[in-house]
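# Observations on the model geometry
Spelled out from the first residue to the last, the chains are:
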Amino acid sequence: PVHVHVDKCVQKEPSESVWHRRVNLSVFGQTFCTAESVVTVHSSECTNLIKSGEVGIGQLFRYLDKLPKFTIIDAGRSSSGGLWRCYTLQCNELTCKIREEFSANAWE
C-alpha cells in the first residue's frame, strides 16, 4: 500500500484560499516520489479539509465525488535519473497545480 506523508501544508495568506503542500509517497518505508502542489480552493466545503493537512488531494476529489480534469503541463528526466511531471487537476471546487519528482529507482 502507498503511504502519503504530508510534509507541509501552509496557507499562502490567511485571507486567501491558497495552500502550498509537499507530500512524500512511500511503499514499505521507501520513498519513491515527492510532490509539491499549490491548491486553490473555490468552495468553503473544502477549506477545513485542506487546513487539516491530513487529507490527500486524491481523497479530496473522492470526498467531493468528482472526477477532476487532468491536464499535463510538462514532463522529463531529472539530473539524478528519475522522472518528473507537472500537471493540474481541476473541478469547480478546487484547482491543484502539482509537480511530482520520482526517484531513479522508483520502479525497481
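Below: a short report on this structure.

Reading guide: rules and limits
Residues numbered from 1 in each chain as written. Predicted model: local features only at pLDDT ≥ 70, side-chain atom pairs only at ≥ 80, totals over all residues. Heavy atoms only, no water. Helix = DSSP H or I, 4+ residues; strand = E, 2+ residues; numbered from the N terminus. Buried < 20%, exposed > 50% of the residue type's maximum accessible area, 1.4 Å probe, protein only. Polar contact = N/O pair within 3.5 Å; in protein donor to acceptor, adjacent residues only side chain to side chain. Contact = heavy atoms within 4.5 Å. Pairing = 2+ DSSP bridges. Disulfide = S-S within 2.5 Å.

## A few points about the side chain of Glu93
With respect to the helices, strands and loops of the structure, Glu93 is situated in the loop between strand 5 (83-90) and strand 6 (94-102). What makes Glu93 buried here is its relative accessible area of 14%. At 3.5 Å, the side chain of Glu93 forms a polar contact with the side chain of Lys66. Residues within four places of Glu93 in sequence aside, it is in contact with Thr40, Val41, His42, Ser43, Cys46, Leu64 and Lys66.

## With respect to the pairing of strand 2 (residues 18-27)
With respect to burial, strand 2 is a largely interior element, seven of its ten residues being buried. Strand direction decides the pairing type here: strand 1 (residues 2-11) and strand 2, joined by nine bridges, are antiparallel. Across the sheet, residue Lys8 finds its bridge partner in strand 2, namely Arg22. As paired elements, strand 2 and strand 3 (residues 30-41) share ten bridges and run antiparallel to each other. Within the sheet, the bridge partner assigned to Ser26 lies in strand 3 and is Thr31. Linking strand 2 to strand 3, which pair antiparallel, is a turn of two residues; within it Phe28 sits at a positive phi near 50 degrees.

## A look at the state of the cysteines
Applying the stated rule across the entire model yields zero disulfides. With no disulfide partner, Cys86 has as its closest neighbouring cysteine sulfur the one in Cys33, 11 Å distant. You can see Cys91 has no disulfide; the closest cysteine sulfur is in Cys46, sitting 6.7 Å from it.

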